[in-house]
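Examining the three-dimensional arrangement
So the chains spell out like this:
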Amino acid sequence: FSICCRTVEPLEYYRRFLKENCRPDGRELGEFRATTHFLSSGSITTADGSALVKLGNTTVICGVKAELAAPAVDSANKGYIVPNVELPSLCSTRFRSGPPGEEAQAASQFIADVIENSQMIAKEDLCIANGKLAWVLYCDIICLDYDGNVLDASAFALLAALKNVQLPSVTINEETGLSEVNFKQKNPLIIRKHPVATSFAIFDDTLLIVDPTAEEEDLATGTVTIVTDDEDRLCSVHKPGGSPLTGAKLQDCITRAITRHKEVKKLIDKVIKSIKPK
């Protein structure tokens, strides 16, 4: 099909491919983009944990910085996890410089929900001394190149970066009441669950395609993101408006997401094993 048709009538251009159960980039409807050089951990040396994820042309980096703080009064035995997703103007012409836009805010909230719903880290594990001292994990996720499906890439990067974190041993001196940090003795975070996000675009209210590009997201009548964990448990369903899904279609998405989870978890484990702790 001609480039002209793609520019003038992009939706019709796509429909011609979808009728043949394929997409303009050569993928089948249920095929994810290349994940060959998908992950590299320890990408930012100044962070306590980091990871770079490349999903097709979408590239996301996550850096985790750990700081010490007093626990909240109503959560004396818990630490904090503070995620933030940035979609800067450098990653796509669709974003502008300045305060975070609606899409970046929605992505940050999505990641916060994934952390909370999956219980990937028990906040009690971040407490050092009840009511006195706890870890705060600032998780900054920055999109370097945007070509759709930033939620999957962000969730992957977060998980990989957290698995890469090494926290120093901290004790409180009983005589002075001050904290003492031993940087020579470091321990990895306890990751209790491994949530993985799988996104779908809905075409013409009925057709589902996985891992949509930016162009496919723009042409779709809706999107849905399914988050599952190690035990095939459904952690969350993110459906920001658009075409409704039947129960059967939703179940189909969940089944595919469970399969995807196993692939991603295997890949992350393989890379983490190859990285030596700092």
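Since the model is a prediction, treat every value here as computed from it, not as a measurement. (Residues numbered from 1 in each chain as written. Predicted model: local features only at pLDDT ≥ 70, side-chain atom pairs only at ≥ 80, totals over all residues. Heavy atoms only, no water.)

**Observations regarding the overall build of the protein chain**
A tally of regular secondary structure across the protein chain gives six helices and twelve strands. On C-alpha atoms alone, the protein chain measures out to a radius of gyration of 21 Å, which is about the 19 Å that the 2.2 N^0.38 rule sets for 278 residues. A principal-axis box enclosing the C-alpha atoms of the protein chain has dimensions of 75 × 40 × 35 Å. Within the span of the protein chain, comprising 278 residues, buried residues form 46% of the whole. Looking at the protein chain alone, contacts between residues at least 24 apart form 66% of all its contacts between residues at least 6 apart. (Helix = DSSP H or I, 4+ residues; strand = E, 2+ residues; numbered from the N terminus. Rg over C-alpha atoms; globule rule 2.2 N^0.38 Å. Buried < 20%, exposed > 50% of the residue type's maximum accessible area, 1.4 Å probe, protein only. Contact = heavy atoms within 4.5 Å.)

**Observations regarding the packing of aromatic side chains**
Across all of its chains, the model carries four aromatic pairs by this definition. Ring centres of Phe95 and Tyr146 lie 5.1 Å apart, and the angle between their planes is 90°; on these two criteria the pair is classed as edge-to-face. Here Phe95 is found in the loop between strand E4 (80–86) and helix H3 (102–118), whereas its partner Tyr146 is found in the loop between strand E6 (133–145) and helix H4 (150–163), with 51 residues between them in sequence. Here the aromatic cluster, defined as three or more aromatic residues joined through ring pairs, consists of Tyr13, Tyr14, Phe17 and Phe203. Across from the ring centre of Phe32, 3.9 Å away, lies the NZ or CZ of Arg260, which sits over that ring. (Phe/Tyr/Trp six-rings, centres within 6.5 Å; stacked < 30°, edge-to-face > 60°. Lys NZ or Arg CZ within 6 Å of the ring centre and 35° of its normal.)

**With respect to the sheet that holds strand E11 (residues 222–228)**
Read across the open sheet, the four strands follow the order E10-E9-E11-E12; overall the sheet is antiparallel. With one partner strand each, in any of the chains shown, strand E10 (207–210) and strand E12 (234–238) form the two edges of the open sheet. On average, adjacent strands in this sheet sit at an angle of 25° to one another, irrespective of strand direction. The strands touched by H4 are strand E9 (196–203), E11 and E12; relative to E9, the strand with the most contacts, the crossing angle is about 175°. (Pairing = 2+ DSSP bridges. Axes fitted to C-alpha atoms, helices over the stretch in contact; angles between N-to-C directions.)

**Some details on the pairing of E10**
Two faces, one strand: in a regular strand the side chains alternate between the faces of the sheet. Note: E9 against E10, four bridges, orientation antiparallel. Considered in E10, the bridge of Ala201 is made with Ile209. Here E9 hands over to E10 after three residues, with Asp204 in that stretch at a positive phi of 50°.

**Digging into the UniProt feature "domain: Exoribonuclease phosphorolytic" (unreviewed entry) in the protein chain**
Here, the residues flagged by UniProt with the feature "domain: Exoribonuclease phosphorolytic" (unreviewed entry) are residues 39–168 and 195–258. Split by type, residues 195–258 is 28% helix and 38% strand. Its first and last C-alpha atoms lie 10 Å apart. (UniProt positions renumbered as here; feature names shortened; annotations may be inferred.)

**Describing the environment of Leu162**
One can find Leu162 in helix H4. For Leu162, a relative accessible area of 1% puts it in the buried group. Placed 26 residues apart in sequence, Leu162 and Pro188 show a C-alpha to C-alpha distance of 8.8 Å. Residue contacts for Leu162: discarding those within four places in its chain leaves Val64, Met120, Ile121, Leu137, Cys139, Leu189 and Ile191.

**Remarks on the pattern of salt bridges**
In the structure shown here, the tally under the stated rule is 16 salt bridges. Glu12 serves as the salt-bridge partner of Arg15, at 2.6 Å between the closest nitrogen and oxygen. Of this pair, Arg15 and Glu12 both sit in helix H2 (residues 10–18), separated by three residues, roughly a single helical turn. Between Glu216 and Arg23 there is a salt bridge, with the nearest N and O atoms lying 3.0 Å from each other. Linking Glu216 in helix H5 (residues 214–219) with Arg23 in the loop between H2 and strand E1 (39–41), this pair joins segments that are 193 residues apart in sequence. Here Glu216 matches Arg23 in class, with each residue buried. A single salt-bridge network, built from bridges that share partners, covers Arg23, Asp25, Arg27, Arg33, Asp147, Asp211 and Glu216. (Salt bridge = Lys/Arg side-chain N within 4 Å of Asp/Glu carboxyl O.)

**A few points about unusual backbone geometry**
With a phi close to 55°, Gln119 is a non-glycine residue in the positive phi region. Within the secondary structure, Gln119 is located in the loop between H3 and strand E5 (127–129). In this structure Gln119 comes out as partly exposed when scored by relative accessible area, which is 43%. Despite not being glycine, Asp204 has its phi angle at roughly 50°, a positive value. Of note, Asp204 is situated in the loop between E9 and E10.

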